[in-house]
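Below are the chains, spelled out letter by letter.
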Amino acid sequence: MTVLAADKGNLAMETQTVSEEKLLRQVITGVAQLPLPDLLVVYETINDLKRKDEKGERRLSPDEILARAKQRATEMRSLSHEEVVSRFLGATDRIRAEAIAKGVAIDEEWVGD
């Protein structure tokens, strides 16, 4: 798989060939380190992409995805921490309800491993 990569402090993009597994690991690691407002932006962007796929709509270009993410990030800056947390918890509740409906989650409290 060919992807565009950018260093944190460097906006110049370069093309690299990366295995899907390695790319997934990099994405998960990067997302796990995001602050809560940015994490919510990522979640909402992923949901937008999934909805477009489900509706059979045209996929967004990388530039369109980036523009939408920047727009959401700007919107999040005006929210208080409590509002961001509330939106995040609402998002996790929607994810859980969707997973339960699809049969990939159990509808009960998690006790532990």
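Residues numbered from 1 in each chain as written. Predicted model: local features only at pLDDT ≥ 70, side-chain atom pairs only at ≥ 80, totals over all residues. Heavy atoms only, no water.

Chemist: Would you mind going over helix H2 (residues 36-55) with me for this structure?
Modeler: Two residues of an α-helix separated by three or four positions point the same way, owing to the 3.6 residues in each turn. Its 20 residues place the ends of H2 29 Å apart at the C-alpha level, agreeing with the 28 Å of an ideal helix rising 1.5 Å per residue. Of all the positions in H2, only Leu-40, Val-41, Tyr-43, Glu-44, Thr-45, Asn-47, Asp-48 and Lys-52 are classed as buried. In this fold, the buried residues of H2 make contact with helix H3 (62-77) and helix H4 (81-102). In the segment just after H2, Gly-56 is the residue with positive phi, at about 75 degrees. (Helix = DSSP H or I, 4+ residues; strand = E, 2+ residues; numbered from the N terminus. Expected span 1.5 Å × (residues − 1). Buried < 20%, exposed > 50% of the residue type's maximum accessible area, 1.4 Å probe, protein only. Contact = heavy atoms within 4.5 Å.)

Chemist: Got a minute to help me understand the pattern of salt bridges in this structure?
Modeler: Two side chains bearing opposite charge may form a pair once their charged atoms approach each other closely. Taken as a whole and assessed by the stated rule, the structure comprises 5 salt bridges. One salt bridge connects Arg-25 with Glu-21, and the closest N-O pair in it is separated by 2.7 Å. With a gap of 4 residues between them, Arg-25 and Glu-21 both fall in helix H1 (residues 20-32), about one helical turn apart. Of the residues examined, Glu-21 reaches a relative accessible area of 55% and is grouped as exposed. For Glu-98, the salt bridge is made with Lys-102, and the minimal N-O distance between the two is 3.2 Å. Taken together, the positions of Glu-98 and Lys-102, both in helix H4 and 4 residues apart, correspond to about one turn of that helix. What you see here is one network of salt bridges that share partners, running through Glu-44, Arg-72 and Arg-87. (Salt bridge = Lys/Arg side-chain N within 4 Å of Asp/Glu carboxyl O.)

Chemist: How should the nonpolar core be read in this particular structure?
Modeler: Soluble globular proteins tend to pack their nonpolar side chains together in the buried interior. Counting 7 residues, the largest nonpolar core consists of Leu-40, Val-41, Tyr-43, Ala-73, Met-76, Val-84 and Ala-91. For this core, the secondary-structure elements that each account for two or more residues are H2, H3 and H4. The residues contacting Met-76, other than those within four sequence positions of it, are Pro-37, Leu-40, Val-41, Glu-44, Val-84 and Arg-87. (Core = buried A, V, L, I, M, F, W, Y, C linked by side-chain atoms within 4.5 Å.)

Chemist: How do you make sense of the packing of H2 against H4 when you look at a structure like this?
Modeler: What describes two packed helices is the angle between their axes and the distance between those same axes. With their axes 10 Å apart at the nearest point, H2 and H4 run at an angle of 40 degrees to one another. When the axis of H2 is compared with that of H4, the two are oblique. Between H2 and H4 the crossing geometry is left-handed. Where H2 abuts H4, its residues Leu-36, Pro-37, Leu-39, Leu-40, Tyr-43, Glu-44 and Lys-50 lie against Val-84, Val-85, Arg-87, Phe-88, Ala-91, Arg-94, Ile-95 and Glu-98. (Axes fitted to C-alpha atoms, helices over the stretch in contact; angles between N-to-C directions. Parallel < 35°, antiparallel > 145°, perpendicular 65-115°, else oblique. Left-handed = near helix turned anticlockwise from the far one by under 90°.)

Chemist: I'm lost on the side chain of Glu-44 in this one. Help?
Modeler: Here Glu-44 lies in helix H2. By relative accessible area, which is 12% here, Glu-44 ends up buried. Side-chain polar atoms of Glu-44 contact the side chain of Arg-72, separated by 3.2 Å. Among residues more than four places away in sequence, those in contact with Glu-44 are Arg-72, Met-76 and Arg-87. (Polar contact = N/O pair within 3.5 Å; in protein donor to acceptor, adjacent residues only side chain to side chain.)

Just geometry here; none of it tells us what the structure is for.
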